[in-house]
Each structure stands twice: as structure tokens, then as C-alpha cells.
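Residue-level structural notes
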Amino acid sequence: MDAARARKIADRIQQVVAEMLERRIKDPRLGFVTVTDARITNDLSEATVFYTVFGSEAERADSAAALESAKGLIRSEVGRQTGLRHTPTLTFTHDPLPDSARHLDGLFAEAKVRDAEIARQAEGAKHAGEADPYRRPDESEDDFEDGDEEPSERAGRSAT
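Before going into details, it helps to say that this report is about the structure given with it. This one's a predicted model, so the numbers in the text were calculated from it and none came from an experiment.

With that settled, consider the pairing of strand 1 (residues 32–40). Examined bridge by bridge, strand 1 and strand 2 (residues 46–54) share 8 bridges and lie antiparallel to one another. Residue I40 lies in a different strand from strand 2, and its bridge partner there is A47. Connecting the antiparallel pair strand 1 and strand 2 is a turn made up of 5 residues, with L44 showing a positive phi of about 60 degrees.

In this structure the tally under the stated criterion is 10 salt bridges. Of the charged contacts in the structure, one is a salt bridge between R24 and E77, with a shortest N-O distance of 3.0 Å. Note that R24 is positioned in helix 1 (residues 3–24) and E77 in helix 3 (residues 71–82), a separation of 53 residues in sequence. Assessed through its relative accessible area of 44%, R24 is described here as partly exposed. The class for E77 is buried, based on a relative accessible area of 8%. The salt bridge involving R114 is made with E110; its shortest N-O contact spans 2.7 Å. Taken together, the residues span about one helical turn, with R114 and E110 both in helix 4 (residues 97–121) at a distance of 4 residues.

This paragraph deals with the side chain of R60. Relative to the helices and strands, R60 resides in helix 2 (residues 57–69). Setting aside chain neighbours within four positions, we find R60 in contact with V53, H94 and D99.

Rules used in this analysis
Residues numbered from 1 in each chain as written. Predicted model: local features only at pLDDT ≥ 70, side-chain atom pairs only at ≥ 80, totals over all residues. Heavy atoms only, no water. Pairing = 2+ DSSP bridges. Helix = DSSP H or I, 4+ residues; strand = E, 2+ residues; numbered from the N terminus. Salt bridge = Lys/Arg side-chain N within 4 Å of Asp/Glu carboxyl O. Buried < 20%, exposed > 50% of the residue type's maximum accessible area, 1.4 Å probe, protein only. Contact = heavy atoms within 4.5 Å.

Structure, rendered in C-alpha cells:
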């Protein structure tokens with residue numbers, strides 16, 4: 001199967017499932033479910049539908065049970081609207097992406113607090129040595145007294 005066609009079918013499956021959950025599935029266990037993605041195998045035999053649930057862990061478990069019980073009705077509607085000869089089997093999988101994003105947001109907030117603390121501690125700090133520890137090219141020429149050889153002259157003599 002062409003990968004582009006499989007992707008189009010997966011997008012259509014995502015739309016059909018989202019519409020079904022919004023309009024036709026009336027299970028009270030079904031919480032605030034968002035269909036985030038759908039993927040289908042190249043042979044169009046299996047489709048995986050990714051979803052998220054807004055709410056607690058208990059609401060997530062209830063929504064998973066509601067999706068599992070409505071799978072047959074949803075699958076028949078997917079077959080009717082996609083026009084495929086063999087309707088793919090549906091697998092509903094909780095999408096961990098929003099949870100990962102929340103975790104990363106927490107880590108970023110913690111890093112921002114730590115950076116602010118380090119910046120606060122560094123406000124009155126001074127350099128341990130000179131403010132600019134690097135030698136400048138013009139300083140190296142001024143440092144030699146009359147009669148001293150420059151390092152380039154010494155290097156040339158030792159090489160011969």
C-alpha cells in the first residue's frame with residue numbers, strides 16, 4: 001500500500017472516531033476524550049487510535065473501558081465512512097505526549113528557579129583574579145625590555 005494513501009486513511013479514521021465520540025457514543029464513563037492521532041499499518045489491517053483524557057487516573061481508566069466497549073460500533077462506522085473492503089481492527093492507546101509535556105514544563109520551571117537563584121548569588125561576586133585574564137597582542141610587545149629577545153626570535157634560533 002502507498003504510504004501517502006495509508007496516511008490519508010489514518011487521518012480519515014481519526015476524524016471519524018472523533019466525530020463518533022462527540023456525537024454518537026453516549027457512555028457515561030466516557031470523559032473529556034481528545035483523539036490526538038491515528039496510525040494504520042501498510043496492509044490496512046490494523047489501526048491504532050491515540051487519545052488523551054482530561055482528568056484523573058480514575059477518569060482515564062473509565063474512558064478506556066468506555067472506548068473498549070464502543071469499539072465495535074466505532075469500527076463499523078469507520079468501515080462505512082472509509083469505504084474500505086476490509087475494515088481495520090481498532091486499538092485505542094492512551095497518548096503519553098501531554099503527560100510528558102507537563103513533566104517537561106515542570107522541569108523547565110524548576111530550572112528557571114535555579115537559574116534565578118544562581119543569578120541572585122552571582123550579583124555581588126567578583127573575579128578571583130584580574131577582570132580580564134587574557135593577554136592582548138599589544139601588551140606582549142610592551143612587556144619586553146630593551147635587550148630582551150622576543151619569543152619568536154628565540155624560537156627561530158633554536159630551530160637552526
